[in-house]
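# What the coordinates show
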Amino acid sequence: ELASRGYDVYRAPEVPTILINGGAAYPGIDGGELLFAFEKHLMDLQFQTERSFVGIAESTNRPSVVVMDRGLLDIAAYLPRDKWEKILSRTNL
């Protein structure tokens, strides 16, 4: 629908699926330091993916919509608040 109205439409993929399909094992909510490492790298890739798609869309100077199949803040929905805050403090976000 948006494309037929003159918008370029970009679809950023879900990053956790990329990692898991690539062989990275989710360590589980009680994974301790392995969980923090997994989530930190997931966030790094998610942030870069979002920046890349938005940057490409902006570079065209055309009306664009970027759809994120899950985004950076969705990660917080899968973690207890204390673990999310700890990850944020380690990633400088």
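All of the points below concern the structure found in this document. (Residues numbered from 1 in each chain as written. Predicted model: local features only at pLDDT ≥ 70, side-chain atom pairs only at ≥ 80, totals over all residues. Heavy atoms only, no water.)

### Some words on the overall build of the chain
Convention followed: For helices the rule is a DSSP run of H or I covering at least 4 residues; for strands it is a run of E covering at least 2, with both sets numbered from the N terminus onward. Every radius of gyration here is taken over C-alpha atoms, with the globule rule written as 2.2 Å times N^0.38, N being the number of residues. Computed with a 1.4 Å probe, the accessible areas rest on the Shrake-Rupley method; for each residue, only the protein chains presented here act as cover. In this tally, Asp and Glu contribute negative charge and Lys and Arg positive charge; neither His nor the terminal groups of the chain are included. For this purpose, a charge sits on NZ of Lys, CZ of Arg, CG of Asp or CD of Glu.
Along its length, the chain carries 3 helices and 2 strands. Helices and strands in the chain line up, N terminus first, as β-α-α-β-α. Taking 2.2 N^0.38 as the reference for a compact globule, 93 residues should give roughly 12 Å; the C-alpha atoms of the chain span a radius of gyration of 16 Å, well beyond that estimate. Dimensions of the chain, computed from C-alpha atoms along their principal axes, come out at roughly 45 × 25 × 20 Å. For the chain, the accessible surface area stands at approximately 6100 Å², while carbon and sulfur atoms represent 55% of it. One finds the centroid of the 10 positive side-chain charges in the chain at a distance of 2 Å from the centroid of its 13 negative side-chain charges.

### Things to note about the pairing of strand E1 (residues 8-12)
Selection rule: Under the scheme applied here, a residue whose accessible area is under 20% of the maximum for its type counts as buried, over 50% as exposed, and between as partly exposed, the area being computed with a 1.4 Å probe on protein chains only. For two strands to pair, DSSP has to find at least two bridges joining them.
Because side chains alternate across E1, one face comprises the buried residues Asp8, Tyr10 and Ala12, and the other comprises Val9 and Arg11, none of which is buried. Relative to strand E2 (residues 64-68), E1 runs parallel, the two sharing 5 bridges. Bridged to aspartate 8 within E2 is serine 64.

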